[in-house]
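# Descriptive structure summary
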Amino acid sequence: MRVGVITFPGTLDDVDAQRAVKYADGEAVPLWHGDHDLKGVDAVIVPGGFSYGDYLRCGAIARFAPVMQEVIEAANNGMPVLGICNGFQILAEAHLLPGALTRNHKLHFVCRDQWLKVENTSTAWTTRYDENAEILVPLKSGEGGYQADEDTLKELEDNGRVVFRYVGDNPNGSRNNIAGITNARGNVVGLMPHPEHAIDALTGPTDDGLGMFLSLLDTVVKA
């Protein structure tokens, strides 16, 4: 399993994402924002951070990076793609996922360990979880409030496209407590919390996040 991890100017969590891939017995392949080249990978992770300093809107500039043209085409052809935090914002800006991420409702940066409920276990990134399992992973974002119009929310809810939902207090004002969603095909997933920071109980609150990367291994092997 060869998984590309993109680095943009301002990316912070690319090394952590690469480490998570290695924990799942995969090969992490660094991808550079300025290249039109996915290097023949089986999947792509768009990691967290502050791409291009979060100028304009989070992810708004990164969406136009050369490598994203390749990611958009590959995702539309079925390649598994995961966007974490800023990566989720980039996927929304690229219209690979619907909706938008806005300033947290209390206008403060949130950094805490967060419980999530896994509501869709059929995506390329969630097959290792039991339905309605609750997992604990770190959350760290200032613009993590998921927003969408009523028709989009209904489509997501009616078709099981909400993948993760916040448990307990809503940390950022996301509509319907949504923490992560998928596209209709199930190969593209975006979430605000950071599963790559919860792959080893020695370095994170749990190893609950590792299931996402092991799920990808299963998806790639089956393909």
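Residues numbered from 1 in each chain as written. Predicted model: local features only at pLDDT ≥ 70, side-chain atom pairs only at ≥ 80, totals over all residues. Heavy atoms only, no water.

### Notes on the UniProt feature "active site" (unreviewed entry) in the chain
As recorded in UniProt, the feature "active site" (unreviewed entry) lies at Cys85, His194 and Glu196. Across 112 residues, the annotated set stays spatially compact, with a maximum C-alpha separation of 10.9 Å. With respect to the helices, strands and loops of the structure, Cys85 is situated in the loop between strand 4 (81-84) and helix 3 (86-93). Looking at Cys85, the relative accessible area reads 6%, which means it is buried. For His194, the position within the fold is in the loop between strand 11 (188-191) and helix 5 (210-222). Judged by its relative accessible area of 1%, His194 falls in the buried class. Not counting chain neighbours up to four residues away, the residues in contact with His194 comprise Asp13, Gly48, Ile84, Cys85, Val137, Pro138 and Lys140. (UniProt positions renumbered as here; feature names shortened; annotations may be inferred. Helix = DSSP H or I, 4+ residues; strand = E, 2+ residues; numbered from the N terminus. Buried < 20%, exposed > 50% of the residue type's maximum accessible area, 1.4 Å probe, protein only. Contact = heavy atoms within 4.5 Å.)

### Observations concerning the packing of aromatic side chains
Applying the stated criterion to the full structure yields 2 aromatic pairs. Consider the rings of Phe8 and Tyr52, whose centres lie 6.4 Å apart with planes at 55°: the pair is tilted. Of this pair, Phe8 sits in the loop between strand 1 (2-7) and helix 1 (14-23) while Tyr52 sits in the loop between strand 3 (43-46) and helix 2 (66-76), and the two are 44 residues apart along the sequence. Lying over the aromatic face of Phe64, Arg63 brings its terminal NZ or CZ to 4.6 Å of the ring centre. (Phe/Tyr/Trp six-rings, centres within 6.5 Å; stacked < 30°, edge-to-face > 60°. Lys NZ or Arg CZ within 6 Å of the ring centre and 35° of its normal.)

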